[in-house]
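For reference, the chains in residue letters:
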Amino acid sequence: MRLTQLEGSWRAVVLVSIVLVLTITLTGAASSAYKRERASLGATHFAMAEQLRQKGDAETAAEEYRRALFFSPDNGDYRLSLATALIEAGRLDEAQSHLEQLAEDEPTNPRIYVGMAEIAARLHRTNTAIADYRRGVYEYWPPAEIPLRRAARWELVNLLISSRRKNEAIGELMLLYSSAPNEPHERERVGFLLLQLGATSDASHVFSELVRMFPQEAAAWRGQAEVASAFGDYVAARHSFQRALRLDPNDHESASQLQVINAVIDVAPALPNISSGERLRRSTNLLRRVLKELSGCTGGAEFSQEVATGEALLAKRPKGNDDLSLQMQQAAQELWQQRSSVCAGTIPADKVIEMAMARNASE
Amino acid sequence: MSNTSRRERRQQLWRDLQSRFARVRLTDTQWFLLLSLLIGIFSGLLVVLFHISIDLVSWMSLGALSGRYHFVRLLTPALGAVGAVYVVRKLFPLARGSGVNQTKVAIYESDGYIATSTIAGKFLACAVSIGTGNSLGPEDPSLQMGAGIASRLGRLFALPRGNMRMIAPVGAAAGIAAAFDTPITGVLFVMEEVLADWSATAVGSIVLAAVSAVVTTRAFLGNDPLFAIPSFELTSASELLIYAVIGIAGGALSALFMSLVEAAKRRIENIPHWRHYVLPGVCGFFTGVVGLWFPEVMGAGYDALNSALHGQFTWQFLLYLGVAKLIVTLLCFSAETPGGMFAPALFIGGMLGGGLGGLAHHVWPRGAAPAESYMLVGMGAFFAGMFRAPMTSIFMIFELSASYVIILPVMVANTAAYLVSRHLHATPFFKMLAQLEGVNLPTAEEKRTFQPLRVENAMQAVEPGTVLEPGMKLYPDEPLDAALRLLSLQSHVQVTSRVHPDQVIGDLTLEDVHRAYGITEPAFAKSRS
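S.K.: Help me out: how do you make sense of the overall build of chain A in this one?
M.R.: In terms of regular secondary structure, chain A is built from 19 helices and 0 strands. Against the 2.2 N^0.38 benchmark of 21 Å for 363 residues, chain A shows a C-alpha radius of gyration of 35 Å, more extended than a compact globule. Expressed as lengths along the three principal axes of its C-alpha atoms, the size of chain A is roughly 135 × 45 × 40 Å. Residues classed as buried in chain A amount to 38% of the 363 residues present. Intrachain contacts of chain A at a sequence separation of at least 6 include 50% that bridge at least 24 residues.

Given below as structure tokens:
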């Protein structure tokens, strides 16, 4: 094009500029209204989906989430909710696909990794699930979402326990305890799981603090009692169980455990601070209980001889010394150790005797 | 008094503006680039409005009501098709036909002239037909609307004939790039299919227009890509076999589709005049019937593709969707309902790829990825087989997925699809449509096949050491046409080496040129007489 021609086309330039401004204005107005409408339609479908999900209809909720996402494809919350509903509906591949896309868009959103972990856990990919849960719970969570983080950590703990990764579970439980809200129930749950995992010292720390912070909480006292019981301090356990029962008379767990503890104390001669007479009485009770438990068992001549010895010890008159008590304990222990070889049918498993024997052994 | 002074001030301002503009000195190239930028912006804006209009029509016609009353879904595509055909037959007759071919006709036949009414006609007709659920896409109309805008601006600025021819492809690239939201694809498609020439002089302008169109579209519609693509990975090298199979299947299916379109169009030509409205209505109704069971096939189908890419459907359902879409697209397109073929091609290819990939995963779970990984490759394969634009198809999938890993599978599948489709159906899609309309347009494939003759094809080799004579010389790689011009001035022309210009390597006479062109002496004499 020649410049002379160009100079003559200034009117066209002005005209095009005016048309351009008008078109931009029109398009701007139209696209704003269009985006508003899309967002509004998306929000409507999202609200419907949330309602459906609350009613437990995850499949229909997912359909509504999809519609919401169609209108607002860049809305991460919609996509995440869709993925969560899909997990609930068991459509794991589709959920995984949405989560993977979210992970690309928002790589620091911890809820994405928790979702991925849930999928991996459902598919029995335990190591992947644990890694994803870890990535999720160790990411930054906004303050409003802290309860979700705790829920995710609980899921991680359960997974670690089920996959027998005890020490890692204990570590996560201690983190849960240190960040637990100021109410007893979750802390008690941590304490009981620690006890279950054999972390008695950690559980002791938890329950000691709990009974100090919430002295009117029956479960805290029960936990304290179970810790004492695990340490072999049956008397302290009995006191704590009694306290728990006073606070909550309907606590059947404490009631049944108190019965066991009372029975253990009745047959535990090794407990400290008891008189020699009391020790002899408990030794007699222990031997009698063992003989009763083994009464249905038929061993060889040696076993019969030992039973006869035990019965002879029971018949012996006490002479005011500890020798008889010690002999009874030894006889009870020897007889109890033979139970698996002499009892052909069901092997006796008396929890009371076991606990008393364990206490004796620790002495 | 005040009125007079105000008028004088306005006139003064106008004169200032005029003189300032007159002082602006732009070279032709700068001016052309500036115009390309404008074309890109206008095309982007128009595509935004087009996109909004399609959605608006869709919400109004296929919104909540169609879910509640089935007859709405049955009748809407039929009514939309009839309405759209009315628009292009009665109101804007120049807007009829394929956008790509109409643009090519404008470039090769009418110096880039595209009537402004074509833009309005395409916009209105396609917004109605696609929005009401007819199985067609918005990209081909966008391409023609972009070319139309370019042509309008070119005429407004009174561009010379040569520039007018160059400006239409610039607009076409802007239109298709904005529609796909992929600038590279826009550029490549125009170079490969519309211009059918890789050595186009307007490449810079085409790129600039495509980029500015995409930027404009994104500024108004956001940065969301056309497809939300999940991460793609190649699980094993043996997976390439599955991609090759998808390519072969895509090529075969695209050839079958083209044969069916060709057969349908030939049969429809024999039906009397009433067909123009009745056929689109009937095909729209059939689309509605299919839409009762497979609502995903209605309209462009991008939402369904997005859902499928996220694993919403089983591989069997993907195959059903692909077949259903193929049938309704065949009907809608053959009935001449306004709309493009790109979106349906991507849909059919995607579903085919996903279905076959899903089947492979079902049979061979460890060696094959889930179905959605194969969808993108399927899209590219069907696109390559149908439009015979291999570079465009490869880069389109690369741009859509933003994944380097996908390049290799796409190349394998697209090459297979291209070769199979070419073997089964020799004519590419747009060429076939043009031939059905009695128009002969060039294609890149033809240009690759029929390369222009060069001097080296005609020259006679000479003895080494031949003396260089005075006069004009030629190089062996120059076009033979150049030799003809020189041979009108001298009896023979010596051909020299480019590396050693003093070394004569050949000699060329008019007879050699005739021989190379295959013109025998009697025939030449006869034609002269």
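S.K.: Which parts of the structure should I look at to understand the overall build of chain B?
M.R.: Of the regular secondary structure elements, chain B holds 24 helices and 4 strands. Projected onto its principal axes, the C-alpha coordinates of chain B cover approximately 90 × 90 × 50 Å. Taking all 529 residues of chain B together, the buried fraction comes to 53%. Excluding contacts between residues fewer than 6 apart, the proportion of contacts in chain B whose partners are at least 24 apart in sequence is 78%.

S.K.: Explanation requested: the interface of chain A and chain B in the structure shown.
M.R.: When the parts come together, some accessible area is lost, and that loss is often what is quoted as the size of the interface. Taken together, the contacts link 29 residues of chain A with 35 residues of chain B. At the level of secondary structure, the elements contributing two or more residues to the side of chain A that touches chain B comprise α1 (3-7), α2 (10-54), α3 (58-71) and α5 (92-105) of chain A. When residues in the side of chain A that touches chain B are grouped by element, the largest group, 12 residues, is from α2 of chain A. Its residues assigned to classes, the side of chain A that touches chain B comprises 13 nonpolar, 9 polar and 7 charged.

S.K.: Got a minute to help me understand the packing of helix α11 (residues 200-213) of chain A against helix α12 (residues 218-230) of chain A in this structure?
M.R.: Packed helices, taken two at a time, are described by their axes: the angle between them and the distance between them. Residues and elements named next belong to chain A. Here α11 crosses α12 at 145°, and the two axes come no closer than 9 Å. Considering how the two elements wind past one another, α11 and α12 form a crossing that is left-handed. Here Thr200, Ala203, Ser204, Phe207, Leu210 and Val211 of α11 come into contact with α12, specifically with Ala220, Trp221, Gly223, Gln224, Val227 and Ala230. For the contact of α11 with α12, a count of residues per class yields 8 nonpolar, 4 polar and no charged.

S.K.: What am I meant to see in the nonpolar core here?
M.R.: Residues and elements named next belong to chain B. By size, the foremost hydrophobic cluster in this structure holds 157 residues, and its most contacted members are Ile39, Val170, Ala173, Ala210 and Phe382. Looking at which element gives the most residues to this core, the answer is helix α2 (residues 28-62), with 16 residues. In contact with Ala210, not counting residues within four places along its chain, are Gly40, Ala173, Ala174, Ala177, Pro183, Gly186 and Val187.

S.K.: What is the right way to look at the packing of helix α11 (residues 239-269) of chain B against helix α18 (residues 407-424) of chain B in this model?
M.R.: Residues and elements named next belong to chain B. Viewed as axis vectors pointing N to C, α11 and α18 meet at an angle of 30°, and their least axial separation amounts to 7 Å. The way α11 lies across α18 gives a crossing that is right-handed. Residues Leu240, Tyr243, Ala244, Ile246, Gly247, Ile248, Gly250, Gly251, Ala252, Ser254 and Ala255 of α11 pack against Pro409, Val412, Ala413, Asn414, Thr415, Ala416, Ala417, Tyr418, Leu419, Val420, Ser421 and Leu424 of α18. Split by residue class, the contact of α11 with α18 holds 16 nonpolar, 7 polar and no charged.

S.K.: Which parts of the structure should I look at to understand the environment of Val187 of chain B?
M.R.: Residues and elements named next belong to chain B. As for its placement among the helices and strands, Val187 is situated in helix α9 (residues 183-194). Taking the C-alpha atoms as reference points, Val187 and Ala402, separated by 215 residues in sequence, lie 17 Å from one another. Once residues lying within four places of it in the same chain are set aside, the contact partners of Val187 are Ala173, Ile206, Val207 and Ala210.

S.K.: Just checking my understanding: could you explain unusual backbone geometry for this structure?
M.R.: Excluding glycine, a negative phi dihedral is what most residues carry, and trans is how most peptide bonds are arranged. Of note, the phi angle at His124 of chain A is positive, near 60°, even though the residue is not glycine. For His124 of chain A, the position within the fold is in the loop between α6 (110-122) and α7 (126-138). Even without being glycine, Ala158 of chain B reaches a positive phi, approximately 50°. Looking at the element boundaries, Ala158 of chain B is found in the loop between α7 (139-156) and α8 (161-180). According to the C-beta neighbour criterion, Ala158 of chain B is partly exposed, with 14 such atoms within 10 Å.

S.K.: Just to check I follow, could you spell out the sheet that holds strand β1 (residues 460-461) of chain B for this structure?
M.R.: Where strands meet in a sheet, backbone hydrogen bonds hold them as pairs that are either parallel or antiparallel. Residue and element names in this part refer to chain B. If you trace the 4 strands from one edge of the open sheet to the other, you get β1-β4-β3-β2, paired in mixed fashion. The open sheet terminates on both sides in strands that have one partner only, identified here as β1 and β2 (473-474). Pairing between strand β3 (residues 492-496) and strand β4 (residues 504-509): 5 bridges, direction antiparallel. Its bridge partner lying in β4, Val495 is registered against Gly506. Lying over the sheet, helix α23 (residues 510-517) contacts β1 and β4, oriented at roughly 80° with respect to β4.

S.K.: Where do I start with the pairing of β3 of chain B in this structure?
M.R.: Residues and elements named next belong to chain B. As judged from the 2 bridges shared by β2 and β3, these two strands associate in the parallel manner. By the bridge assignment, Lys473 is partnered in β3 with Gln494. Handedness of the β2-helix α22 (residues 480-487)-β3 crossover: right-handed.

S.K.: Would you mind going over the environment of Val264 of chain A with me for this structure?
M.R.: Residues and elements named next belong to chain A. Tracing the backbone through its elements, the reader meets Val264 in helix α14 (residues 252-267). Residue class for Val264 comes out buried when judged on the 24 C-beta atoms lying within 10 Å of it. Setting aside chain neighbours within four positions, we find Val264 in contact with Tyr234, Val352, Met355 and Ala356.

S.K.: Which parts of the structure should I look at to understand the pairing of β4 of chain B?
M.R.: On a regular strand, one side chain projects to one face of the sheet and the next to the other, so that they alternate. Pairing of β1 of chain B with β4 of chain B, which is carried by 2 bridges, proceeds in the antiparallel orientation. In the sheet register, Ala461 of chain B faces β4 of chain B, and the bridge partner there is Gly506 of chain B.

S.K.: Looking at this structure, I do not really get the confidence of the model for chain B. What am I missing?
M.R.: When pLDDT drops low, the exact placement of atoms in the prediction is not to be read closely. Residue and element names in this part refer to chain B. Overall, the predicted model of chain B reaches an average pLDDT of 87, with 93% of residues at or above 70. Averaged pLDDT values for the elements of chain B fall to 57 in helix α24 (residues 521-528) and rise to 95 in helix α14 (residues 315-334). Confidence metrics for the complex model read pTM 0.77 and ipTM 0.79.

Cut-offs used in this document
Residues numbered from 1 in each chain as written. Chains lettered and ligands numbered in written order. Predicted model: local features only at pLDDT ≥ 70, side-chain atom pairs only at ≥ 80, totals over all residues. Helix = DSSP H or I, 4+ residues; strand = E, 2+ residues; numbered from the N terminus. Rg over C-alpha atoms; globule rule 2.2 N^0.38 Å. Buried ≥ 20, exposed ≤ 12 C-beta atoms within 10 Å, placed from the backbone. Contact = placed C-beta atoms within 7 Å. Nonpolar A, V, L, I, M, F, W, Y, C, P; charged D, E, K, R; others polar. Axes fitted to C-alpha atoms, helices over the stretch in contact; angles between N-to-C directions. Left-handed = near helix turned anticlockwise from the far one by under 90°. Core = buried A, V, L, I, M, F, W, Y, C linked by C-beta atoms within 7 Å. Pairing = 2+ DSSP bridges. Right-handed = clockwise from strand over helix to strand, strands pointing away. pLDDT = per-residue confidence, 0-100.

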